[in-house]
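# Observations on chain architecture
What follows is the residue order along each chain.
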Amino acid sequence: MDSELEAFKSNIDLRQYAAAQGYQLDREESWHGSAVMRSPAGDKIIIKRGTDGHYVYFSVRDDRDNGSIVDFVQNRLRLSLGAVRKELRPWIGLPPVPVPSFPALPKTARDRIRVETEYAWMQDARRHPYLENERCIPAEVLELERFAGRIRMDARGNAVFPHFDAEGLCGYEITNKGFTGFAAGGSKGLWFSQARPEDNRLVFCESAIDALSHAALYPAQDTRYASIGDQVNPQQPELIRAAVARMPAGSEIVAAMDADTEGGKLSGIVRKAAELSGRADLRFTLQESFGFKDWNDQLRAKGSHFFPTARLSSPDVG
């Protein structure tokens, strides 16, 4: 093992070195465990830290441009390995130019880096043929700022919904006509809409498509949405509790699951998580789509069938 190269990869914060090269942190796209930085020339990179302690990056512009700080220097300054050593040696001590400070970047598993790399290559989908034509979700809903950045399209035209856990992006749902899947190497967290400080309602659905359908059926300015992705894994109840705990005072927590036995179990999990939040000021509501299995079924039937009113019950949390 080359100890000097190991020191470069582990001890030099790649975010600081990139900042010295003119890159700036994009705070809106960065999250815990992942730093997005942009250069004046238009390059966009994502920096993470692997489980081996190495800072790693990948460029959203060029999938061949990735690796450690050594690769970053070679790909930008076109230096030999010997020249890279000379370039980076001062950084093992003190940076040769003033740079901003950053909080410690937590280590990230390689599969998680793969998930984020593949997700970064997908395009935001403010319109989507499958969601509009097959699922009857209005374009006006897809274009809402509430869902900006929460729906993407991959190279195959699939609709992609990102899942987040306490560390950030952890996986994504993939769906299209006759197909559903999940990111290879990823894990389920929760899909979230955008949140606003003035929100007073949080609606949990089984899937992101159901959440979008609910937003179409029951438009509301101050409502944020989340979905579980069908079966619950051991990590999700805590993520639900944390999402509930972040809601403003006096908010309503809505369990809007499928009208079947499994949906009833999921509603119970949401209610329990709301109780465990310790928020006596919150109100829990169970919402059912009477006469339909789920919200998307109701949305698709709206144009040609009787459109019943959803049943609501609103006992207080706890």
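Remember, predicted model here, so these are calculated numbers, not experimental data.

## Observations regarding the nonpolar core
Counting residues in each nonpolar core, the largest one holds 29 residues, and the members touching the most others are Y172, L202, F204, I240, V244, I253 and V270. Only α5 (110–120), β9 (159–165), β10 (168–176), β13 (201–205), α9 (236–245), β15 (252–255) and α10 (261–276) provide two or more residues apiece to this core. When neighbours within four sequence positions are excluded, F204 is seen to be in contact with L190, A226, I240, A243, V244, I253, V254, A255, A256, M257 and V270.

## Side note on unusual backbone geometry
The residue R78 is not glycine, and still its phi comes out positive at about 55°. Inspection of the secondary structure puts R78 in the loop between α3 (69–77) and α4 (81–93). Overall, the relative accessible area of 67% leaves R78 in the exposed class. Phi is positive for C136, close to 60°, though the residue is something other than glycine. For C136, a relative accessible area of 35% gives the class partly exposed.

## Focus: the pattern of salt bridges
Summed over all chains, the structure comprises 31 salt bridges. Where D124 meets R152, a salt bridge forms, and the shortest distance between an N and an O atom there is 3.0 Å. Note that D124 is positioned in strand β7 (residues 123–124) and R152 in strand β8 (residues 152–153), a separation of 28 residues in sequence. Exposure remark for D124: the relative accessible area of 44% places this residue in the partly exposed category. What emerges from the salt-bridge pattern is a single network uniting D2, E4, R85 and R89.

## Here we look at the environment of A19
Mapping A19 onto the fold places it in helix α2 (residues 14–20). Residues A19 and N296, 277 residues apart in the sequence, show an inter-C-alpha distance of 46 Å. Once residues lying within four places of it in the same chain are set aside, the contact partners of A19 are M37 and P100.

## Quick word on the sheet that holds β9
Sheet architecture is open: 5 strands sit in the order β7-β8-β9-β10-β11, paired in antiparallel fashion. Of all strands in the sheet, those with a lone pairing partner are β7 and β11 (179–182), marking the two edges.

## Concerning the packing of helix α1 (residues 3–11) against α4
Where α1 meets α4, the closest approach of the two axes is 10 Å, and the angle between their N-to-C directions is 55°. With respect to α4, the element α1 is oriented oblique. In this structure, α1 crosses over α4, and the sense of that crossing is left-handed. Note on element contacts: α4 touches α1 through L81, R85, L88, R89 and I92, opposite E4, L5, A7 and F8. In the contact of α1 with α4, the residues fall into 6 nonpolar, no polar and 3 charged.

## Regarding the packing of aromatic side chains
What the rule picks out here adds up to 10 aromatic pairs. Both rings, one in Y17 and one in W91, keep their centres 5.1 Å apart while their planes meet at 65°; by these two values the pair is edge-to-face. With Y17 in helix α2 and W91 in helix α4, this pair connects stretches of sequence that are 74 residues apart. Each member of the pair, Y17 as well as W91, is classed as buried. Residues F147 and W191 carry aromatic rings whose centres are separated by 6.2 Å and whose planes lie at 15° to one another, so their mutual orientation is stacked. Taken together, the residues F147 in the loop between α7 (139–142) and β8 and W191 in strand β12 (residues 191–192) connect sequence positions 44 residues apart. Of the two residues, F147 and W191, both sit in the buried class.

## Remarks on α1
Buried residues of α1: L5, A7, F8 and S10, and no others. For α1, the secondary structure elements touched by its buried residues are β3 (44–50), β4 (55–59), α3 and α4.

## Concerning helix α8 (residues 208–217)
Summarising burial for α8: 10 of the 10 residues are buried, a large majority. Looking at α8, one finds that the buried residues are A208, I209, D210, A211, L212, S213, H214, A215, A216 and L217.

## Considerations on the side chain of S10
Relative to the assigned elements, S10 resides in helix α1. Judged by relative accessible area, S10 falls into the buried class, the value being 17%. When near neighbours in sequence (up to four residues on either side) are disregarded, S10 contacts R49, D52, G53, H54 and Y55.

## Things to note about the environment of F58
Within the secondary structure, F58 sits in strand β4. Overall, the relative accessible area of 5% leaves F58 in the buried class. A sequence separation of 62 residues divides F58 from A120, and the C-alpha atoms of the two residues are 9.5 Å apart. Residue contacts for F58: discarding those within four places in its chain leaves K44, I45, I46, D65, N66, I113, E116, T117 and A120.

The rules behind each value
Residues numbered from 1 in each chain as written. Predicted model: local features only at pLDDT ≥ 70, side-chain atom pairs only at ≥ 80, totals over all residues. Heavy atoms only, no water. Core = buried A, V, L, I, M, F, W, Y, C linked by side-chain atoms within 4.5 Å. Buried < 20%, exposed > 50% of the residue type's maximum accessible area, 1.4 Å probe, protein only. Helix = DSSP H or I, 4+ residues; strand = E, 2+ residues; numbered from the N terminus. Contact = heavy atoms within 4.5 Å. Salt bridge = Lys/Arg side-chain N within 4 Å of Asp/Glu carboxyl O. Pairing = 2+ DSSP bridges. Axes fitted to C-alpha atoms, helices over the stretch in contact; angles between N-to-C directions. Parallel < 35°, antiparallel > 145°, perpendicular 65-115°, else oblique. Left-handed = near helix turned anticlockwise from the far one by under 90°. Nonpolar A, V, L, I, M, F, W, Y, C, P; charged D, E, K, R; others polar. Phe/Tyr/Trp six-rings, centres within 6.5 Å; stacked < 30°, edge-to-face > 60°.

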